[in-house]
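One letter stands for each residue in the lines below.
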Amino acid sequence: MLIGIVGAPNKGKSTLFSALTEMNVDIADYPFTTIEPNRGTTYVTTECVEKEKNAKCRPKNSRCVDGIRYIPISVIDVAGLVSGAHEGRGRGNQFLNDIASSDALILVADASGRTDSSGNPCSSCNPVEDVMMVLSELAEWLASTIRKGMRQIARSQNPGEALATYLSGFKITRQHVDSALKNTQMQIPKEGLSDPNILTLAAELMKLSKPFVIAANKADVPGSAANIDKIKVEYGAQNVIACSAAAELALRKARTKGVIRYEDGASSFETNDGSASAEQLEALKAMSAILKRDNGTHIQEMLNRVVFDLLDSIVVYPVEDENKWADGNGNVLPDAVLLRNGSTTMDLAMAVHTEIAKKMLYAIDGRTHARLAKDHALKNNDVVKIVSAAK
Ligand SMILES: Nc1nc2c(ncn2[C@@H]2O[C@H](COP(=O)(O)OP(=O)(O)OP(=O)(O)O)[C@@H](O)[C@H]2O)c(=O)[nH]1
Ligand SMILES: [Mg+2]
């Protein structure tokens, strides 16, 4: 699973990336700090099912701390987008090809209103404009790709199928194409779609294939609340998360240095005695007040929302021993696998190993011990043994 971080310049995309991945990347208070994309791994969190078994899990593909399972996903941070990027302005939009294969997007806006849509300083800018601009540029980017292939697509026997195949690198499926054509009441004629119609179709395809949340970032800055409300009014409160990437990054760095004890997503932290300088203590006090006021940084919550709500994912634990919930070496709940809701035992087998999937016979439910067919739809937190003729 890949999550793309996009937005206008200087909004805090790399700060968010760094907080999520704990990787050091360039962060600065001016536009176009990032040119080459940053790629890394971050973790969604969910309550581990270990306590149900009264056992301590020994994760291999993930981590578990105090009963919370951390499941890895990939994240990519790209250069800032500006108005006219599709015509080559700013860094252009070539770099967007790096997010083509993402499953969902985090669209970062500056809720403080102190940067404009080009990333330059501003005393009171409206972040709604950043969001509109970014969505429009993303649609233009996809439209320009579709335009290049339109003649060929329109002439093919089945244009819908041809368009889906042409856009498979964007994780756009036949279903997305069919829904987009239906929603826009379009059909692809033999002579191809007009440019404005291609843009309308591209915007719809983006909406369907790249669901997004808006990170109303820099919410720690006083006076952000009014801007956050503006974004919520325009895009719906459920699609907006007020957050502070800078606070999350500072907390994770302080934790790495052993200065504080902090759990990702918590609304407070504890200072380790004697490990902070007077200056650090002062900064931590200010941070603590912000966390208390805002009830946390909301970064982890945002990531979980993208993966579990927007992408409708479930967590499934494949095991070899359905009684002990362990692998062949006795490691309890070694793997936690993210699957889209509706996935089957066969999809799980595919996620584990293609050989195991090819020779899969059936599966066994770790709780009921019932035999499950290959097309049995899995539920969140299922513990499943795949029975396969493969060694
Ligand atoms: N107050 C505050 N400042 C932030 C926050 N997140 C980022 N910043 C600051 O915003 C500036 C830009 O941060 P970056 O992460 O470099 O922004 P970007 O969107 O990656 O910028 P480009 O790569 O230039 O497009 C830096 O000075 C950050 O410290 C936040 O949550 N709160
Ligand atoms: Mg950046």
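Report follows, based on the coordinates. Each chain has its residues counted from 1, following the order in which its sequence is written. Each chain takes a letter, starting from A, and each ligand takes a number, starting from 1, following the order in which they are written. Residues qualify for local features only when their pLDDT is at least 70, as the model is predicted, and side-chain atom pairs are given and counted only at 80 or more; totals for whole chains, interfaces and linings, by contrast, use all residues. Hydrogens and waters are ignored; side-chain quantities use all the structure's heavy atoms.

**Details of the site of ligand 1**
Nearness here has a simple test: a residue counts as near a molecule or strand if at least one of its heavy atoms is within 4 Å of that partner. Neighbouring ligand 1 are 23 residues, the closest being Lys 13, Thr 15, Phe 32, Thr 33 and Asp 220. Think of a polar contact as two N or O atoms within 3.5 Å of one another; within protein, one of them needs to be a possible hydrogen donor and the other a possible acceptor, and neighboring residues in sequence only count if both atoms come from side chains. Measuring from an oxygen atom of ligand 1, one finds a side-chain N or O atom of Ser 244 at 3.3 Å. Note on areas: Shrake-Rupley with a 1.4 Å probe; residue coverage comes only from the protein chains shown. Coverage of ligand 1 by the protein chains reaches 87% of its 660 Å² of free accessible surface. By definition, any uninterrupted DSSP run of H or I lasting at least four residues is a helix, any uninterrupted run of E lasting at least two residues is a strand, and each is numbered from the N terminus. For the shell around ligand 1, the secondary-structure elements that each account for two or more residues are α1 (13-21) and α8 (245-256). Among the elements that take part in the shell around ligand 1, α1 stands out by supplying three residues, more than any other. When grouped by side-chain class, the residues that make up the shell around ligand 1 number nine nonpolar, nine polar and five charged. Put simply, Ala, Val, Leu, Ile, Met, Phe, Trp, Tyr, Cys and Pro go in the nonpolar bin, Asp, Glu, Lys and Arg in the charged bin, and everything else, Gly too, in the polar bin.

**Some remarks on the packing of aromatic side chains**
Each Phe, Tyr or Trp ring (for Trp, its six-membered ring) is paired with any other whose centre lies within 6.5 Å, and the angle between the two planes then decides the class: stacked below 30 degrees, edge-to-face above 60, tilted in between. Evaluation of the coordinates by the stated rule reveals one aromatic pair. Note on Trp 141 and Phe 170: the rings are 5.2 Å apart at their centroids and 50 degrees apart in plane angle, and the pair reads as tilted. Of the two residues, Trp 141 sits in helix α3 (residues 127-155) while Phe 170 sits in the loop between α4 (159-166) and α5 (174-183), which places them 29 residues apart along the sequence. As far as the burial class goes, Trp 141 and Phe 170 line up, both buried. It is Arg 63 that lies over the ring of Tyr 43; its NZ or CZ is 4.3 Å from the centre. Throughout this description, the term charge over a ring refers to an Arg CZ or Lys NZ atom that lies within 6 Å of the ring centre and within 35 degrees of the ring normal. Here the guanidinium or amino end of Arg 371 rests over the ring plane of Tyr 362, the centre of that ring lying 3.7 Å away. Only protein chains enter the accessibility calculation, which uses a 1.4 Å probe. A residue is then buried if its area is under 20% of the maximum for its type, exposed if over 50%, and partly exposed in between.

**Observations regarding the environment of Glu 263**
Within the secondary structure, Glu 263 is located in the loop between β8 (260-261) and β9 (270-271). Along the sequence, Glu 263 and Leu 251 sit twelve residues apart, while their C-alpha atoms lie 9.3 Å from each other.

**Quick look at the coordination of the magnesium ion (ligand 2)**
Coordination partners: N, O, S within 2.8 Å of the metal, 3.2 Å for Na, K and Ca; water not considered, so apparent gaps in a site are possible. Taken together, the protein donors to the magnesium ion (ligand 2) comprise Ser 14 (OG) and Thr 34 (OG1), at separations of 2.0 to 2.1 Å. With Ser 14 in helix α1 and Thr 34 in the loop between α1 and β2 (38-47), the pair connects residues that are 20 residues apart, well separated along the chain. On the accessibility criterion, Ser 14 (7% relative accessible area) is buried.

**Some details on the state of the cysteines**
Working definition: a disulfide is two cysteine sulfur atoms within 2.5 Å of each other. This structure, assessed with the given rule, holds one disulfide. Sulfur-sulfur distance for the disulfide between Cys 122 and Cys 125 comes to 2.0 Å. On the sign convention where negative is left-handed, the bridge of Cys 122 and Cys 125, at about 95 degrees about the S-S bond, is right-handed. Here Cys 48 stays free of any disulfide, with the sulfur of Cys 57 as its closest cysteine sulfur at 4.0 Å. Of the residues examined, Cys 48 reaches a relative accessible area of 3% and is grouped as buried. With no disulfide of its own, Cys 57 lies 3.6 Å from the sulfur of Cys 64, the closest cysteine sulfur. On the accessibility criterion, Cys 57 (5% relative accessible area) is buried.

Nothing here speaks to function; it is all geometry.
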